[in-house]
Amino acid sequence: RGAGHGRLVGCPHSTVRFWDLRYFFDPRSYDRSRAFPLPRPDQVALNGAVAMREYLVGGYPQDSLYEVEALRYLDLLRWSSVQWHNAKPLGQSRDILIFTDYLEANTRGQLRLLEEALPSLPIQGRFFVKPHPACPVRPDDYPRLPMTVTMDSVGKLLSECDIAYTSEMTSVAVEAYCAGIPVVSVRDPNTFNLSPLRGRSGVHFVSTPAELSKAFGIAANTSRQERAAREFFSLDADLPKWKLLLADVSR
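This one's a predicted model, so the numbers in the text were calculated from it and none came from an experiment.

(A) Structural context of the environment of H204. Position of H204 among the secondary structure elements: in strand β9 (residues 203-206). Spatially, the C-alpha atoms of H204 and D152 are 25 Å apart, while their sequence positions differ by 52 residues. If we skip the residues at most four places from it in the chain, H204 touches V183, V184, S185, A215 and I218.

(B) Main features of the packing of aromatic side chains. Summed over the entire model, instances satisfying the criterion amount to 9 aromatic pairs. Between the aromatic rings of W19 and F192, the centroid separation amounts to 4.1 Å while the plane-to-plane angle is 15°, which identifies the pairing as stacked. Linking W19 in the loop between β1 (9-10) and β2 (43-46) with F192 in the loop between β8 (183-186) and β9, this pair joins segments that are 173 residues apart in sequence. Residue F192 is classed as partly exposed on the basis of its relative accessible area of 47%. Look at F232 and F233: their rings are 5.8 Å apart centre to centre, the planes differ by 35°, and that puts the pair in the tilted class. Each member of the pair, F232 together with F233, is buried. Three or more aromatic residues joined by ring pairs form one cluster here, namely Y23, Y30, Y55 and Y60. Between R198 and the ring centre of F18, over which it is positioned, the NZ or CZ distance is 3.9 Å.

(C) Spotlight on the sheet that holds strand β4 (residues 94-99). Taken together, 6 strands build an open sheet; the order of strands is β6-β5-β4-β7-β8-β9 and the sheet is parallel. Looking at strand neighbours, the two that pair on one side only are β6 (147-149) and β9, the edges of this open sheet. Each strand of the sheet is rotated relative to its neighbour by a mean of 25°, with strand direction disregarded. By the bridge criterion, 3 bridges tie strand β5 (residues 125-130) to β6 in an arrangement that is parallel.

(D) Region of the structure containing helix α1 (residues 49-57). Listed as buried for α1 are V50, A51, M52, E54 and Y55. The elements touched by buried residues of α1 are β2 and β3 (65-67). Looking one or two residues past α1, G59 carries a phi angle of roughly 90°, positive in sign.

(E) Structural detail: the nonpolar core. The biggest cluster of nonpolar side chains holds 26 residues, and the ones touching the most others in it are L76, L158, V183, L197, F232, F233 and L235. Listed by contribution, the elements that provide at least two residues to this core are β4, α4 (154-160) and α5 (172-178). In terms of residue count, the dominant contributor to this core is α5 (6 residues). Discounting chain neighbours no more than four positions away, the residues touching V183 are A164, T166, A173, A176, Y177, L197, G202, V203 and H204.

Conventions adopted
Residues numbered from 1 in each chain as written. Predicted model: local features only at pLDDT ≥ 70, side-chain atom pairs only at ≥ 80, totals over all residues. Heavy atoms only, no water. Helix = DSSP H or I, 4+ residues; strand = E, 2+ residues; numbered from the N terminus. Contact = heavy atoms within 4.5 Å. Phe/Tyr/Trp six-rings, centres within 6.5 Å; stacked < 30°, edge-to-face > 60°. Buried < 20%, exposed > 50% of the residue type's maximum accessible area, 1.4 Å probe, protein only. Lys NZ or Arg CZ within 6 Å of the ring centre and 35° of its normal. Pairing = 2+ DSSP bridges. Axes fitted to C-alpha atoms, helices over the stretch in contact; angles between N-to-C directions. Core = buried A, V, L, I, M, F, W, Y, C linked by side-chain atoms within 4.5 Å.

Quick look at the structure:
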């Protein structure tokens, strides 16, 4: 504001998770007529129905919210039209895609849990690890886990896998969920459930090797589901809502 940029628009480009307190404050702090109000933009551009609901439940002023298309997730439009292969009979060998975390401790805990569960897994499969760019994964650190580290695109990997095994906080779990893939997610029982899929049916949250083994068994016998990505995100490749917002801001 001090630099004279006019109306300011903030945009959380990923998911808004229930326990992510970066997005939530005492509603009284939004009142600009009070002393020392919370610094905030004139408008917040939100990428779909879920983010909008979380902001409203958190007490954010509704007249400052604006729904726009989810730029990060527009590929979901293309994925929804893909004929997913899933040709293997249920219950047999599965291709398991592992999405790890940006925090090393969480990544290490996720992969160690899988190592411990490996002898008791009820299925055979191949393990493909898609690491977060901020936290590389070295296969030599997990000698008992036969993994292949890949940097292929998320869309390509989701079109080829059968089960997604995700860290607790990663937003890519939503992409796997919207693609209809069974999702197994690690969570720390000593803290809050920070998953963007918290409360969603058909998602398996695990904390022990036994729970992970059981979840993989269920997931291996679950077909891909038809899910509407628009449950989460506003999706339109022509970006009409963004165009309206930007035209309004530029006046």
